[in-house]
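Notes for the structure review
One-letter residues, chain by chain:
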Amino acid sequence: MLVGIMPCGCFMFCGGTCFKNAAQALAEAGCSDREIMAITGHRTTQMVSLYTKRVEQRRMARSAMDKLEAQPGVMNFGQK
């Protein structure tokens, strides 16, 4: 499947694993589902969310821990 054109002008071909890796990397970089869809060519946000749900779960967990640790008197779980 043709994915895009590399800077050297060569065509880039890729299978499903490449799409998953690309979607996860884009999600980690903070891209929205729509931005990821524009890159990977997916037509539905449901398919993108299959690839990015682990990244989103880590992001939400980190956000929750940051909020908890910001509370006065709460132990910082990242330090001993």
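Computed from a prediction, not measured in an experiment: that's the story for all the values here.

Here's the deal with the nonpolar core
Nonpolar side chains in soluble globular proteins generally cluster together in the buried interior. Counting residues in each nonpolar core, the largest one holds 9 residues, listed as Phe19, Ala23, Leu26, Ala27, Ile36, Met37, Val48, Tyr51 and Val55. Counting residues per element, this core draws most heavily on helix 1 (residues 16-28), which supplies 4 residues. Contacts of Val48, omitting those with residues within four sequence positions, involve Asp33, Ile36, Met37 and His42.

Notes on the pattern of salt bridges
Enumeration according to the criterion identifies 4 salt bridges in this entry. When the shortest N-O distance is used, the salt bridge between Arg58 and Glu28 registers 2.9 Å. With a gap of 30 residues between them, Arg58 in helix 3 (residues 45-69) and Glu28 in helix 1 connect regions that are remote in the sequence. We classify Arg58 as partly exposed; its relative accessible area is 42%. Glu69 is paired through a salt bridge with Arg62; the nearest N and O atoms lie 3.5 Å apart. For Glu69, a relative accessible area of 21% gives the class partly exposed. Taking the relative accessible area as the measure of exposure, Arg62 reaches 43% and is therefore partly exposed. Overlapping salt bridges bring together Arg62, Asp66 and Glu69 as one network.

Reading guide: rules and limits
- Residues numbered from 1 in each chain as written.
- Predicted model: local features only at pLDDT ≥ 70, side-chain atom pairs only at ≥ 80, totals over all residues.
- Heavy atoms only, no water.
- Core = buried A, V, L, I, M, F, W, Y, C linked by side-chain atoms within 4.5 Å.
- Buried < 20%, exposed > 50% of the residue type's maximum accessible area, 1.4 Å probe, protein only.
- Helix = DSSP H or I, 4+ residues; strand = E, 2+ residues; numbered from the N terminus.
- Contact = heavy atoms within 4.5 Å.
- Salt bridge = Lys/Arg side-chain N within 4 Å of Asp/Glu carboxyl O.

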